[in-house]
Amino acid sequence: MSDIRSSYTDQLQFYGRHTPRELAETFGTPLYVYNENVLRQRCRDLMGLSSHPGFGVNYSVKANSNPVLLRMAREEGLVVDAMSPGELHMDLLAGFTPGQILYISNNNSVEELQNALKHGLLISVDSVAQLDDLGRINKGGKVMIRFNPGIGAGHHAKVVTAGKETKFGVNPEQMDDVFALLQKHDMTLAGINQHIGSLFMEAGGYLDAAEVLLRLAEQLPQGALQNLEIIDFGGGFGIPYRKYEGQPRLDTGELGSRLHALISAWAEKTGYTGRFLIEPGRYVAAECGVLLGRVHAVKNNSEKRYAGTDLGFNVLVRPAMYDSFHDVEIYGENSHEKRETMVQTVVGNICESGDILAKDRELPEIVEGDVLGILDAGAYGFTMSSNYNQRLRPAEVLIQSDGTARLIRRRESPDDLARCLEGLI
């Protein structure tokens, strides 16, 4: 049954056998709710982009690192990366083996590199300096190198990860320095990778960058191409955040057919028999997650109407950090109630003027006691949450394929805030 504004999740039967208000009552708010069927379908979308024998999907764990969700991605055939010892720990908890984990990070300490080596991982380095560091502790070993293809993409300057205005990647003009260090440390270049940015909605820029990386591979010194085991094109696949405006999806059919043709033809031309990987995070996890919160206070300041919730930017920072758009659903106590539409701003409970979830939105009137659903919150939601204002991080619940709800992370307690202080105060 449709609620005040809930046609999107109604259509998906997102909450399974439950209503969002029941989940909010049972588990409390704020609450991250994930849908297993949506997550598995997104994994299958990506795995189906190419039937080339060496094609695979390397899930970027920074998007959502809950081990229960990671385990489902593993069951769907995805491999994963790790960008920190903590992410590596989560990957291992989810059952991934060292051969299924790439360590793709930047500006690491030697101790962190040693930890990745201890676990038997192939490490991607992001600079000539890091290549030298790794060579000193892994003489005779293998390495992967992230290159900057000179093409960037993304919805915000803070998520563009290639081009001239970014910290990421080795400039291909430094190739002589790279191979001098490989020779110095007797290392083998086993992989090359790149990442152009986040949230692109058309295939062209991604495929252009993929061609740049393949041309770079062809220009490697004699014998180096034969040693390559992995070519990773990066991720950044966008999802339609403006669900209620009918925003179209990324055309994965076009992307898949063009990508498959590109890698198949290139492999045949060069004799390459290694893996081709893509590295999505958001596309896998975003749409499987909705963030639930309660409305505790509604007021007018001058001519502006505010709906005050328990969804501070400590829980979901993307709107404050990136000016990101998330659609809002409204679940009232009386689902048959008719409400006037008006311009409203949805805010959180953090003591900052930038604590805004949805600014100047045309929505049915929000009232105290409503439960709100923030759509597409499964990626870069919980993983970027914090204890700012000493707020507690939320619980996470999975709606399983049979429609039942399962708690997959408990809510923090005040004792958790002080756990690292034990014996020190």
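The protein is annotated in an unreviewed UniProt entry as Diaminopimelate decarboxylase from Desulfovibrio desulfuricans. Note on the protein: under the UniProt heading Function (unreviewed entry), the record states "Specifically catalyzes the decarboxylation of meso-diaminopimelate (meso-DAP) to L-lysine." Under the UniProt heading Sequence similarities (unreviewed entry), the entry covering the protein gives this text: "Belongs to the Orn/Lys/Arg decarboxylase class-II family. LysA subfamily."

Attention now goes to the UniProt feature "binding site: substrate" (unreviewed entry) in the protein. Per the UniProt record, "binding site: substrate" (unreviewed entry) is found at Arg282, Arg318, Tyr322, Glu352 and Tyr380. Over a stretch of 99 residues, the named residues are scattered through the fold, their C-alpha atoms separated by up to 27.0 Å. Along the chain, the position of Tyr322 falls in helix α13 (residues 318–322). The exposure class of Tyr322 is buried, given its relative accessible area of 13%. Inspection of the secondary structure puts Glu352 in the loop between β15 (341–347) and β16 (356–364). Overall, the relative accessible area of 37% leaves Glu352 in the partly exposed class. Beyond its immediate stretch of four places on either side in the chain, Glu352 contacts Phe313 and Tyr388.

Taking 1.5 Å per residue, 19 residues should reach 27 Å; helix α11 (residues 252–270) reaches 26 Å between its end C-alpha atoms and fits that length. Of all the residues in α11, the buried ones are Leu255, Gly256, Leu259, Leu262, Ile263, Trp266 and Ala267. Here the buried residues of α11 occupy an arc of 140° about the axis, which is enough to place them on one side. In this structure, α11 carries Glu268 and Lys269 as exposed residues pointing more than 90 degrees from its buried face.

Taken together, the side chains of Leu421, Leu424 and Ile425 define a hydrophobic patch exposed on the protein surface, amounting to about 380 Å² of accessible area. Looking at the element boundaries, Leu424 is found in the segment after α14 (414–417).

Further remarks concern the packing of helix α6 (residues 110–118) against helix α7 (residues 128–137). Across the interface, α6 lies against α7 with an axial gap of 10 Å and an inter-helix angle of 55°. Judged by the inter-axis angle, α6 sits oblique to α7. As α6 runs across α7, the sense of the crossing is right-handed. On α7, the residues touching Val110, Leu113, Gln114 and Leu117 of α6 are Asp133, Leu134 and Ile137. Counted by class, the contact of α6 with α7 contains five nonpolar, one polar and one charged residues.

Here is what the cut-offs are and how they apply
- Residues numbered from 1 in each chain as written.
- Predicted model: local features only at pLDDT ≥ 70, side-chain atom pairs only at ≥ 80, totals over all residues.
- Heavy atoms only, no water.
- UniProt positions renumbered as here; feature names shortened; annotations may be inferred.
- Helix = DSSP H or I, 4+ residues; strand = E, 2+ residues; numbered from the N terminus.
- Buried < 20%, exposed > 50% of the residue type's maximum accessible area, 1.4 Å probe, protein only.
- Contact = heavy atoms within 4.5 Å.
- Expected span 1.5 Å × (residues − 1).
- Arc of directions from axis to C-beta.
- Patch = residues over 30% accessible without salt bridge, like charges linked within 9 Å, V, L, I, M, F, W, Y side chains within 5 Å.
- Areas by Shrake-Rupley, 256 points an atom, 1.4 Å probe, with all protein chains shown as cover.
- Salt bridge = Lys/Arg side-chain N within 4 Å of Asp/Glu carboxyl O.
- Axes fitted to C-alpha atoms, helices over the stretch in contact; angles between N-to-C directions.
- Parallel < 35°, antiparallel > 145°, perpendicular 65-115°, else oblique.
- Left-handed = near helix turned anticlockwise from the far one by under 90°.
- Nonpolar A, V, L, I, M, F, W, Y, C, P; charged D, E, K, R; others polar.

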